[in-house]
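# Results of the structural survey
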Protein chains: 2
Amino acid sequence: MMNKENSLGVILKPDERVDDLHRNQYKIIQNTKKFCFGMDAVLLSGFAKVMSGERVLDLGTGTGIIPILLEAKTKGKHFIGLEIQEESADMARRSVAMNKLEDKVDIVIGDIKEASALFGLASFDVVTSNPPYMTGNHGIVNPREAKAIARHELLCTLEDVVREASKTLKPNGRFYLVHRPFRLVEIMKTLTEYKLEPKRMKLVYPYVDKEPNMVLIECIKGAKSMIKVEAPLIVYKEPNVYTDEIYDIYGY
Amino acid sequence: MMNKENSLGVILKPDERVDDLHRNQYKIIQNTKKFCFGMDAVLLSGFAKVMSGERVLDLGTGTGIIPILLEAKTKGKHFIGLEIQEESADMARRSVAMNKLEDKVDIVIGDIKEASALFGLASFDVVTSNPPYMTGNHGIVNPREAKAIARHELLCTLEDVVREASKTLKPNGRFYLVHRPFRLVEIMKTLTEYKLEPKRMKLVYPYVDKEPNMVLIECIKGAKSMIKVEAPLIVYKEPNVYTDEIYDIYGY
């Protein structure tokens, strides 16, 4: 297959497609074989709060879904998506261009572990991350494969993400994380070790009678210990039918 | 008012009444002005697992509700309820006698802070606790009042409870705690500091669209970090109508 220009004037590479984000008529390029965002990123963009004029950094931005959605949903001033995989970052940049967001969203190629060296200490009001969830590399055939890098802690650990979030945040800055509930104890321990105090948490349950498969956490750098656990977020009313809350977050 | 003997042959003091526990025809004495158990204790007794032959300690047993319910629901060998308030312990003892459980359940008057000195190190398979939830004494008129002592950390702190639970548990022993979600970060931090690793957690939401007001946690002493967050426990289907799960735990 060859690269082709679609009707939006965007160059698409093989296996890429353009999806509608249902916000500001924004669209995003995805590659179904390599880089696709999940519900996790969309729910994090609905959970995160960005105030007028704030500067936001997304650690491990992938397709750029989080900065693009946050630009659409909030009055934040500027958004940076940091991504180590060049192919993914290139796709994210083309999505930014397609939505004419070059003045608002920058996609930077680089390593999460060096975020504070790249951007400086205390330089953001908000940091977001939908990091790799899985420790170890059990079941991975090719550790260089794009999906393996996005899902497993091959190039960075939870501690790397939390440490760099803490360093790049201003005092009282906010960190928004989506992760898997089975690592909750380790997540809270790591966050508090780096002075990111969890202040708000929401568990995402696929059905009202099932275990949660995601946890959304808001931390405030340097805050006192006291957390508000929010009402549950239930994804499905019945098979294939989202709850109203999910439709609302997705913007349908 | 004078003490009176009721139809069960039990001496009741003023303001005391006998309630049915809907388990093994057990009953319990409560004093509506001083010592009443809440849903918290009942849900903890439904969440806790006690295996055949195990020895169980309940820290701060109040009316004795947790050991009495666990004796009814499980095949545990022996249950001790530790309570610092003499009046409450006396009531719990009369409940034990009323149910003819003197061979299975002991109510001991003593201080949670001295539990490991009283009972010895590594002497229980299971420890349970429904401790005071509130820090500080804001709004307390009389810090000697029974309800104030049961609800506020006047005579013991969360750390005291966790430390004594850890000391009195055998290796791989299990600690079951019910508490308020707003202290979740501190709870997890304290538990892990004392080698009680949270392995199972359930949030209790009064309604499906409301914030949780209780959290149930199972820890295993010395275990590795990995937690199973369970399906939500929703209390009410609609005002004044419990969900089936609650009716089941209450034994109706």
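Notes on the structure follow. (Residues numbered from 1 in each chain as written. Chains lettered and ligands numbered in written order. Predicted model: local features only at pLDDT ≥ 70, side-chain atom pairs only at ≥ 80, totals over all residues. Heavy atoms only, no water.)

Our focus in this paragraph is the pattern of salt bridges. Any two side chains of opposite charge can pair, on the condition that their charged atoms come close. The tally for this structure, following the rule as stated, stands at 44 salt bridges over all chains. One salt bridge in this structure joins A:Asp19 and A:Arg17, with 2.7 Å as the shortest N-O distance. Residue B:Glu245 is joined to B:Lys202 by a salt bridge in which the shortest nitrogen-to-oxygen separation is 4.0 Å. Here the residue B:Glu245 occupies a position in helix α8 (residues 244-250), and B:Lys202 occupies one in strand β10 (residues 196-205), the gap between them amounting to 43 residues. Residue B:Glu245 is classed as partly exposed on the basis of its relative accessible area of 35%. One salt-bridge network, in which partners are shared between bridges, spans A:Arg200, A:Lys202, A:Glu218, A:Glu230 and A:Glu245. (Salt bridge = Lys/Arg side-chain N within 4 Å of Asp/Glu carboxyl O. Helix = DSSP H or I, 4+ residues; strand = E, 2+ residues; numbered from the N terminus. Buried < 20%, exposed > 50% of the residue type's maximum accessible area, 1.4 Å probe, protein only.)

Once that is clear, we can look at the packing of aromatic side chains. Between two aromatic rings, the relevant description is the distance of the centres plus the angle of the planes. Residue and element names in this part refer to chain A. A full pass over the atoms with the stated rule returns 13 aromatic pairs over all chains. Aromatic pair Tyr-242 and Tyr-247: ring centres 5.5 Å apart, planes at 70 degrees, arrangement edge-to-face. A network of ring pairs unites the aromatic residues Tyr-207, Tyr-236, Tyr-242, Tyr-247 and Tyr-250 as a single cluster. When the ring centre of Phe-47 is taken as origin, the NZ or CZ atom of Arg-200, which lies over that ring, is 3.9 Å away. (Phe/Tyr/Trp six-rings, centres within 6.5 Å; stacked < 30°, edge-to-face > 60°. Lys NZ or Arg CZ within 6 Å of the ring centre and 35° of its normal.)

This part is about the pairing of strand β8 (residues 124-129) of chain A. All names here are of chain A. Most of β8 is tucked away: six of the six residues are buried. Alignment of β8 against strand β9 (residues 169-179), held across five bridges, turns out to be parallel. Note that in β9 the partner of Val-126 across the bridge is Arg-174. (Pairing = 2+ DSSP bridges.)

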